[in-house]
Amino acid sequence: MPRFSVVIPLYNKENFIEKTMHSLLNQTYLDFEILVVNDCSTDASAAIVKRFDDRRIQIIQHPINKGLSASRNTGIRSAKASYVAFLDADDLWKPLKLEKQLQNDIK
């Protein structure tokens, strides 16, 4: 079981999702799963995520567009880890983000 479940709600972010995924995959702490919740994107967002070859990535497809909150809730329900972290599809994390977050929890 991974330590973190990283939930990424995805809706029409083809111009950003590749950099977002790279920032996540470049974390120094590696014990996490990635739950990308595709909320019926009409652009190439999901196709870009599918190009990443990493066993930790899981794409969850909404059958209809449900919005940001519902996408986060879908990710939470699918999470297997003790901790859930949210990463928006157009945001970037610094490489030490998860490591520092875990250290702060242990203290």
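These notes cover the structure that comes with them. (Residues numbered from 1 in each chain as written. Predicted model: local features only at pLDDT ≥ 70, side-chain atom pairs only at ≥ 80, totals over all residues. Heavy atoms only, no water.)

**Here we look at the environment of L25**
So, step 1. Position of L25 relative to the elements: it lies in helix 1 (residues 17-25).
So, step 2. Each C-alpha atom, one on L25 and one on R3, is 15 Å from the other, the two residues being 22 residues apart in sequence. (Helix = DSSP H or I, 4+ residues; strand = E, 2+ residues; numbered from the N terminus.)

**What about unusual backbone geometry?**
So, step 1. Phi is positive for N12, close to 50°, though the residue is something other than glycine.
So, step 2. Mapped onto the fold, N12 is located in the loop between strand 1 (4-10) and helix 1.
So, step 3. One non-glycine residue, C40, lies in the positive phi region at around 65°.
So, step 4. Structurally, the position occupied by C40 is in the loop between strand 2 (32-38) and helix 2 (45-50).
So, step 5. The exposure class assigned to C40 is partly exposed, which follows from its relative accessible area of 21%. (Buried < 20%, exposed > 50% of the residue type's maximum accessible area, 1.4 Å probe, protein only.)

**Here's the deal with the pairing of strand 1**
Every regular strand shows the same layout, with side chains that alternate between the two sheet faces.
So, step 1. Within strand 1, 7 of the 7 residues are buried, leaving the element largely enclosed by the surrounding structure.
So, step 2. What you see with strand 1 is no split at all: F4, V6, I8 and L10 on one side and S5, V7 and P9 on the other are buried throughout.
So, step 3. Of the pairings in the sheet, the one linking strand 1 to strand 2 comprises 7 bridges and is parallel in character. Counted as the bridge partner of F4 is F32 from strand 2.
So, step 4. You can see the chain leave strand 1, run along helix 1 and come back into strand 2, and the turn it takes is right-handed.
So, step 5. In terms of strand pairing, strand 1 meets strand 4 (residues 83-86) through 4 bridges, oriented parallel. Bridged to F4 within strand 4 is Y83. (Pairing = 2+ DSSP bridges. Right-handed = clockwise from strand over helix to strand, strands pointing away.)

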